[in-house]
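# Structure assessment
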Amino acid sequence: MRKRFRWILMAGIGALLIVMENYDTEPFFSLFTFIYFMVIFFWIIRELRSLIRLRNEKAKTELLHLKSQVNPHFFFNTLNNLYGWVEKDGKKAQELILKLSDMMRYSIYDGQKDWVTLEEEIDYLKNYTELHRMRYHKEIDIRFNVNIETEGYKVMPLLFIILLENAFKHGVENLRENAYVHIEFNATSKSIQFIVENNFDAEDVREGTGIGLENLKRRLELVYPYKHSLTFSSSGDMYRARLILKHL
């Protein structure tokens with residue numbers, strides 16, 4: 001309310017000075033009017049900078065909140081699974097614990113960074129797929145193809161895990177046999193393309209968009225505005241998610 005009144009007051013004074021300029025030929029008013037509008041100009045610049053800074057801070061706060069929501073139930077599920085493996089197969093339980101520890105460390109520490117290397121993200125996803133392979137008592141055809149032109153590409157952390165998680169959650173977990181998850185990374189000087197394809201039980205189709213996908217879409221809007229493409233397609237019992245990121 002105060003800012004609105006301030007704008008009205010300044011506009012009124014400016015209009016009054018312009019009117020007085022038309023009726024007074026003294027150079028004092030011309031100089032005063034010039035100085036007044038210069039002060040107004042710099043004040044507007046300062047206000048715009050303040051507004052942009054506040055919006056950026058709000059976006060960063062929202063982004064941190066979204067990051068904190070990434071992938072929590074996977075860790076709980078894996079810990080529950082570990083409980084059964086401790087007595088059944090101690091060596092396998094140790095392997096699971098090490099991989100889970102690496103993932104939790106990455107999620108807690110590296111996941112809060114603004115940027116990580118693409119190689120770090122890929123290692124995180126590989127640990128995730130290996131944990132799933134060890135958890136299930138069935139054969140899973142997991143393929144992980146990576147083609148990176150140059151090392152060191154930077155990406156937002158924990159960006160691809162939601163799509164991969166959905167492939168296991170809505171595909172592998174509901175299939176008794178012949179389950180597969182195929183992952184592909186292609187990184188060039190212009191863009192990064194991530195594709196995850198899985199099969200699913202066509203009789204157990206659930207409609208609707210989960211919180212994870214909505215989370216991902218919002219994060220992409222905040223960090224990669226007009227620089228990303230997220231598409232989904234299905235044919236028969238095959239589902240494919242494709243995410244393309246243009247280098248910032």
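Here is a short report on the structure shown in this document. All values derive from a computational prediction rather than experimental measurement.

Quick notes on the rules
Residues numbered from 1 in each chain as written. Predicted model: local features only at pLDDT ≥ 70, side-chain atom pairs only at ≥ 80, totals over all residues. Heavy atoms only, no water. Helix = DSSP H or I, 4+ residues; strand = E, 2+ residues; numbered from the N terminus. Buried < 20%, exposed > 50% of the residue type's maximum accessible area, 1.4 Å probe, protein only. Polar contact = N/O pair within 3.5 Å; in protein donor to acceptor, adjacent residues only side chain to side chain. Axes fitted to C-alpha atoms, helices over the stretch in contact; angles between N-to-C directions. Left-handed = near helix turned anticlockwise from the far one by under 90°. Contact = heavy atoms within 4.5 Å. Nonpolar A, V, L, I, M, F, W, Y, C, P; charged D, E, K, R; others polar. Phe/Tyr/Trp six-rings, centres within 6.5 Å; stacked < 30°, edge-to-face > 60°.

Here Tyr-180 shows up in strand E4 (residues 179–187). The class of Tyr-180 is buried, set by a relative accessible area of 18%. A C-alpha to C-alpha distance of 9.8 Å links Tyr-180 and Met-238, two positions 58 residues apart in sequence. There is a polar contact of 3.4 Å between the side chain of Tyr-180 and the side chain of Glu-197.

Looking now at the packing of helix H4 (residues 90–108) against helix H5 (residues 118–135). Where H4 contacts H5, the two axes come as close as 10 Å, and the packing angle between them is 145 degrees. The hand of the H4/H5 crossing is left-handed. Contact residues: Lys-92, Glu-95, Leu-96, Lys-99, Leu-100, Asp-102, Met-103, Tyr-106 and Ser-107 in H4; Glu-120, Glu-121, Tyr-124, Asn-127, Tyr-128, Glu-130, Leu-131 and Met-134 in H5. In the contact of H4 with H5, the residues fall into 8 nonpolar, 2 polar and 7 charged.

Overall, the coordinates contain 8 aromatic pairs when judged by the stated rule. Here Tyr-128 and Phe-168 contribute two aromatic rings whose centre-to-centre distance is 5.8 Å and whose plane-to-plane angle is 75 degrees, an arrangement assigned as edge-to-face. Remark: Phe-168 occurs in helix H6 (residues 161–170) and Tyr-128 occurs in helix H5; sequence separation between them is 40 residues. Assigned by exposure class, Tyr-128 and Phe-168 land together as buried. Relative to Phe-185, the ring of Phe-160 lies with its centre 5.0 Å away and its plane at 85 degrees, an arrangement referred to as edge-to-face. With Phe-160 in the loop between strand E3 (154–155) and H6 and Phe-185 in strand E4, this pair connects stretches of sequence that are 25 residues apart. Phe-185 carries the same exposure label as Phe-160, and that label is buried. Taken together, the ring pairs connect Phe-144, Phe-160, Phe-185 and Phe-194 into an aromatic cluster.

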